[in-house]
Amino acid sequence: MTIWIILYGLHNSPCFFSLLFVAAFYLFNHKINLKYFLCGIGVVIFILLLYFFVGQFNLFNKITPSVDKVLHVSLRNNVIQFVGNGYDKETGNFIKLVLFNIKDKTSSSTYFHMIDLSIVYLIVVSGFHITILKRMINYLFKRNKLLGNILNCSIIFFYCYLLNFAVSVTRVLLMFIFTLLLRRRINNRYDILCLSGLFSLLLNPYCVFNIGFCMSYLCTIAIIYVYELQISNFLLEKILINVVAVTVSLPFVILLQHKISLWVIINSFAFSYLFAFVFVYFLLTFWIVWIKVIQSFLAHSVMFLVNANWSMNVTINIKDFSAITESFYFIVSYFAIRMLQFL
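Remember, it's a predicted structure, so these values are computed and weren't measured experimentally.

Draft legend 1. Expanded view of the overall build of the protein. Secondary structure assignment for the protein yields 17 helices and two strands. Taken over C-alpha atoms, the radius of gyration comes to 21 Å for the protein, in line with the 20 Å a tight globule of 343 residues would show. Carbon and sulfur atoms provide 69% of the accessible area of the protein, an area that totals close to 18200 Å². Across the protein, 24 positive and 10 negative side-chain charges occur, with their mean positions spaced 11 Å apart.

Draft legend 2. How the structure looks around the pattern of salt bridges. A complete count under the given rule lists two salt bridges for this structure. As a salt-bridge pair, Asp116 and Lys259 come within 2.8 Å of each other at their nearest N and O atoms. With Asp116 in helix α7 (residues 105–116) and Lys259 in strand β1 (residues 259–261), this residue pair connects regions lying 143 residues apart in the sequence. A salt bridge links Lys238 to Glu237, with the shortest nitrogen-to-oxygen separation between them at 3.7 Å. Glu237 carries the same exposure label as Lys238, and that label is buried.

Draft legend 3. Spatial organisation of helix α15 (residues 264–285). In this model, α15 (22 residues) spans 30 Å end to end at C-alpha, consistent with the 32 Å of a helix rising 1.5 Å per residue. For α15, the principal kink sits at Phe271 and spans about 30°.

Draft legend 4. Summary view of unusual backbone geometry. Phi at Phe165 is positive, roughly 55°, even though this residue is not glycine. In this fold, Phe165 is placed in the loop between α10 (145–162) and α11 (167–182). We note that Gln230 has phi near 55°; this positive angle belongs to a residue other than glycine. Considering the arrangement of structural elements, one finds Gln230 in the loop between α13 (211–228) and α14 (234–257). For Gln230, a relative accessible area of 68% gives the class exposed.

Draft legend 5. View of the side chain of Asn204. Tracing the sequence through the fold places Asn204 in the loop between α12 (189–203) and α13. Once you skip the residues sitting within four places of it in the chain, Asn204 turns out to touch Phe57, Asn58 and Phe60.

Draft legend 6. Molecular detail of the side chain of Asp116. You can call Asp116 buried: its relative accessible area is 14%. Setting aside residues no more than four positions away along its own chain, Asp116 makes contact with Lys259, Ser261, Trp310, Asn313 and Thr315.

Draft legend 7. Summary view of the confidence of the model for the protein. Looking at the protein, pLDDT values average 83 and 96% of them are 70 or higher. Mean pLDDT across the elements of the protein ranges from a minimum in helix α8 (residues 121–124), with 67, to a maximum in helix α16 (residues 292–311), with 90.

Draft legend 8. Representation of the packing of aromatic side chains in the model. With the rule as written, the count across this model stands at 25 aromatic pairs. Between Phe21 and Phe335, the ring centres sit 6.0 Å apart and the planes meet at 45°, which makes this aromatic pair tilted. Of the two residues, Phe21 is situated in helix α2 (residues 20–30) and Phe335 in helix α17 (residues 323–338); the sequence distance between them amounts to 314 residues. Ring pairing ties together the aromatic residues Trp4, Tyr8, Phe16, Tyr51, Phe52, Tyr206, Phe209, Phe252, Phe321, Tyr329 and Phe330, which thus form one cluster.

Draft legend 9. Up close: the environment of Tyr190. With respect to the helices and strands, the residue Tyr190 is situated in helix α12. Along the backbone, Tyr190 and Gly92 are 98 residues apart, and their C-alpha atoms lie at a distance of 38 Å. For Tyr190, the residues in contact, after removing those within four places along its chain, are Ile221, Ile224, Tyr225 and Glu228.

Here is what the cut-offs are and how they apply
- Residues numbered from 1 in each chain as written.
- Predicted model: local features only at pLDDT ≥ 70, side-chain atom pairs only at ≥ 80, totals over all residues.
- Heavy atoms only, no water.
- Helix = DSSP H or I, 4+ residues; strand = E, 2+ residues; numbered from the N terminus.
- Rg over C-alpha atoms; globule rule 2.2 N^0.38 Å.
- Areas by Shrake-Rupley, 256 points an atom, 1.4 Å probe, with all protein chains shown as cover.
- Lys, Arg positive; Asp, Glu negative; His and termini not counted.
- Charge placed at Lys NZ, Arg CZ, Asp CG, Glu CD.
- Salt bridge = Lys/Arg side-chain N within 4 Å of Asp/Glu carboxyl O.
- Buried < 20%, exposed > 50% of the residue type's maximum accessible area, 1.4 Å probe, protein only.
- Expected span 1.5 Å × (residues − 1).
- Bend = angle between axes of the 7 residues up to and from the residue.
- Contact = heavy atoms within 4.5 Å.
- pLDDT = per-residue confidence, 0-100.
- Phe/Tyr/Trp six-rings, centres within 6.5 Å; stacked < 30°, edge-to-face > 60°.

Dropping the structure here:
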């Protein structure tokens, strides 16, 4: 978080330095050990030096070409082409939109309707969906954790490859790897999340300006916090998760869409689980073209639901937040979310 604040302050506006108050409050409230504090300062300084002296570089972008070079073929391009050729145009383009965030002409109307519904982040930021898949595999292979871990790692890595290692979905891969490697030393999910974020910044300090990175990590922090409240009411917990996720991601949603739906909370709650199911289903079955009738029915049904909700939607055009407004918003949001523990 400190690196994110400093880089935003240096690159965009000094107003973002006011967010350091949140980091300082967290350190004071949790009484961080001096040794860990100094170690963290050292990591921050190292990443800032990379940012200033190494220049803009992105090692993530070199992984997919390296894999293609080893295999002497681009599996990513072949998979995308296979989806385009194996299905009718509307179904194929919908699958490519959901799985690969590729927007073709026939899927553009659905995409723009999702923008109006303020749920476009459900396909722009894919970390949530792949986490659902990971949990499903863990449940199915709970008696054979080794096989489950191997399958999880293979599927998540392959999907990261298909998305050219986008930072939002790579977060899930890094957290999964760090959890396996450090499970005897680190049990705190915040620490695992921070390690994956630091590793991402070491490979590409400029990813801190990526909307997918910001939304993915900030939403994950907020969701972990809600889970740790251990709310006994299942429905209330899920509603709070959606409210918190929408609250944290609002400035980025406005930056993406320049508008927001009046029904954003309801839309988020209704469509997040629908798209989680659709994502997992198509990721596991897109290659089974002989059931294309089922695939086509599901794709057209989801498009119909999106378009039907869009016809009843009401949006408000909002200009981008200024730096000082955005900083104040995050500070207030932080303390508002912290207040949940007293409810």
